[in-house]
Amino acid sequence: MKLFRCRYIMPIQTDPIEDGALVIDQERIVAVGPAAELAARYPQADMVNLGDSILLPAFVNAHTHLELSDFPQWAAEVHSPEPEQAGFTSWLLRLIRVKIARRVNGEDSKASWLNGLRQSIRSGTGVIADILSESGFYATVAEQLPGRCYIEVLGHDPVRVHLQWDNLDHCQEHWPTSQWGAAPHAPYTLSDDLLEQSYRYTSCRHLPTTVHVAESHDEIEFMHQHRGPMVDQFYPFVGWTPFLDKPRHQRPLPCLEKAGALRPDTLLVHGVHLNRDEIATVAESGCSVVLCPRSNAKLQCGVAPVAEYLAAGVNLALGTDSLASNDSLSIWDEMAFARDWFQGELSCEQLLHMATVGGAKAMGFDDLGYLGAGSRATFQVLRAEQSPVRSQLTEHLCHSERTNEVSLVVIDGHIRYDRSIEEGT
């Protein structure tokens, strides 16, 4: 047993505790409460005095692609500067071109993935929903990823799609104790038939899924009106023009609904351009939605209708997306940006909930995202020069500066990051 004592404990689901403590036994939390009370109740526990610090749940990054964490370096190596006015389709084409020009291989992707994992944990993230397209380092992912790996399913070639399903079967067979899921990429990158088959496959195997939906104007224009840069540029570039002979003339969410995707274990990503009726459908289905505001801003996708999601009762989470469309993998940075991006429609309390309990719920984890007896010992510690007064604590936590104050990250009872060791102090 270990007892961690600090200035503030932030359980999330209950009020902050000043001069609080948390007791863990291996990978589980035993008790949370006033430090003096827990020290008397658990005299056998080894005390770790964290001093004037703040202890709160490790964050949940509910959407990212860690294998793209080195994309900025790849782009620099092939002299592909970031355009000032990108737009979604032009960004997507640049992503593909850079990977081709740089000749990114499996070892590159593995190194990039590990780099992204280190950055994530170092910034206080302890639960990750990662989408993986490369197949060469599943063992590494199974051993090191705290959270769930969603194997990406993408393309119009049935043989390729079936191979991706086989990869998921392989992962479940060889690493059954790890968390796996499927990521049918999006309605604009899978045919109706393959999208429906993907959700039949995951339903039969009781696998959770995540899917991009209504991220950009380009996607809406392509799906509903069958025109725009995806028709003119993206499909010809990737050789998918022959699949344009059957226009859908349908918005993305109805395509997902028809395919059987709208179920409680589906995590919808972005949802920037869902309308009020579609949001009501999402709420009724029990799906969660992960918002990625910094990525949406960078790709000029628009602002998600967060007030309507809240009014409908949709569970919301936060994600960074990848470093191909973001500047960091820090959920602290995401919260700070979201506060301004949504023009005050999200309070600091709501942002903290999205970054913890909301994200855990979105991923199907009921013992993560909060600190309480029986929950998993997954938390982070902030050590600042001066802690705030209790009444300003929540406000204090909604600033990106907190990223640099993360001093300790414990995941399932194991220390995964200790700044004192990194700095040699």
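Residues numbered from 1 in each chain as written. Predicted model: local features only at pLDDT ≥ 70, side-chain atom pairs only at ≥ 80, totals over all residues. Heavy atoms only, no water.

Draft legend 1. Main features of the overall build of the chain. Per the secondary structure count, the chain includes 17 helices and 16 strands. Radius of gyration (C-alpha) of the chain: 22 Å, near the 22 Å computed for a compact globule of 425 residues. The buried share among the 425 residues of the chain stands at 58%. Pairs at least 24 residues apart make up 72% of the contacts formed inside the chain by residues separated by at least 6 positions. For the chain, the computed accessible surface area is about 17,500 Å², with 47% contributed by carbon and sulfur atoms. Across the chain, 34 positive and 55 negative side-chain charges occur, with their mean positions spaced 1 Å apart. (Helix = DSSP H or I, 4+ residues; strand = E, 2+ residues; numbered from the N terminus. Rg over C-alpha atoms; globule rule 2.2 N^0.38 Å. Buried < 20%, exposed > 50% of the residue type's maximum accessible area, 1.4 Å probe, protein only. Contact = heavy atoms within 4.5 Å. Areas by Shrake-Rupley, 256 points an atom, 1.4 Å probe, with all protein chains shown as cover. Lys, Arg positive; Asp, Glu negative; His and termini not counted. Charge placed at Lys NZ, Arg CZ, Asp CG, Glu CD.)

Draft legend 2. Focus on the packing of helix α14 (residues 331-341) against helix α15 (residues 348-362). The geometry of α14 relative to α15 is characterised by a closest axis approach of 10 Å and an angle of 145° between their N-to-C directions. The chirality of how α14 crosses α15 is right-handed. Side by side, α14 and α15 meet where Ile 331, Met 335, Ala 338 and Arg 339 of the first sit next to Cys 348, Leu 351, Leu 352 and Ala 355 of the second. (Axes fitted to C-alpha atoms, helices over the stretch in contact; angles between N-to-C directions. Left-handed = near helix turned anticlockwise from the far one by under 90°.)

Draft legend 3. Up close: the pairing of strand β12 (residues 288-291). Here β12 shows no split at all, with Ser 288 and Val 290 on one side and Val 289 and Leu 291 on the other all buried. Of the pairings in the sheet, the one linking β12 to strand β13 (residues 316-318) comprises 3 bridges and is parallel in character. Across the sheet, the residue bridging to Val 290 is Ala 317, located in β13. (Pairing = 2+ DSSP bridges.)

Draft legend 4. Structural view of the pattern of salt bridges. Under the counting rule described, the total for this entry stands at 21 salt bridges. The salt bridge partner of Asp 52 is Arg 7, with a shortest N-O separation of 3.1 Å. With Asp 52 in the loop between β4 (46-49) and β5 (53-57) and Arg 7 in strand β1 (residues 2-9), this pair connects stretches of sequence that are 45 residues apart. Looking at Arg 7, the relative accessible area reads 25%, which means it is partly exposed. Counted as one network, the salt bridges with shared partners bring together Arg 28, Asp 367, Arg 376 and Asp 412. (Salt bridge = Lys/Arg side-chain N within 4 Å of Asp/Glu carboxyl O.)

Draft legend 5. View of the nonpolar core. Core analysis: the biggest nonpolar cluster contains 76 residues, and Trp 113, Leu 268, Leu 291, Tyr 309 and Met 335 have the highest contact counts within it. Broken down by element, the residue count for this core peaks at 5 residues, all from α15. Residues in contact with Met 335, not counting those within four places in the same chain, are Phe 59, Leu 318, Leu 351, Leu 352, Ala 355 and Leu 397. Residues Ala 75, Phe 88, Leu 93 and Met 230 belong to the second largest nonpolar core, which totals 26 residues. (Core = buried A, V, L, I, M, F, W, Y, C linked by side-chain atoms within 4.5 Å.)

Draft legend 6. Inspection of the side chain of Arg 94 at higher detail. If you trace the backbone, Arg 94 turns up in helix α3 (residues 88-102). No salt bridge is formed by the buried Arg 94, whose closest oppositely charged neighbour, Glu 82, lies at an N-O distance of 5.0 Å. Setting aside residues up to four positions removed in sequence, Arg 94 forms contacts with Phe 71, Ala 75, Ser 80, Pro 81, Glu 82 and Pro 83.

Draft legend 7. How the structure looks around helix α8 (residues 217-225). Of the residues making up α8, those classed as buried are Asp 218, Glu 219, Ile 220, Phe 222 and Met 223. Positioned one or two residues after α8, His 226 has a phi angle of 55°, which is positive.

Draft legend 8. Expanded view of the side chain of Ser 198. By the element assignment, Ser 198 lies in helix α7 (residues 192-204). The class for Ser 198 is buried, based on a relative accessible area of 1%.

Draft legend 9. How the structure looks around the packing of aromatic side chains. Counted under the stated rule, the structure contains 14 aromatic pairs. Each ring, one from Tyr 138 and one from Trp 180, has its centre 6.4 Å from the other, and the planes form 85°; the classification is edge-to-face. Of this pair, Tyr 138 sits in helix α5 (residues 138-144) while Trp 180 is found in strand β9 (residues 180-184), placing the two residues 42 residues apart along the sequence. Comparing Tyr 138 with Trp 180, the two get one shared label, buried. By the ring-pair criterion, three or more aromatic residues cluster together here, those being Phe 88, Trp 91, Tyr 188, Phe 222, Phe 234, Tyr 235 and Trp 240. The side chain of Arg 97 reaches across the aromatic face of Phe 237, ending 4.8 Å from its centre. The ring of Phe 365 has Arg 376 lying over it, and the distance from NZ or CZ to the ring centre is 5.7 Å. (Phe/Tyr/Trp six-rings, centres within 6.5 Å; stacked < 30°, edge-to-face > 60°. Lys NZ or Arg CZ within 6 Å of the ring centre and 35° of its normal.)

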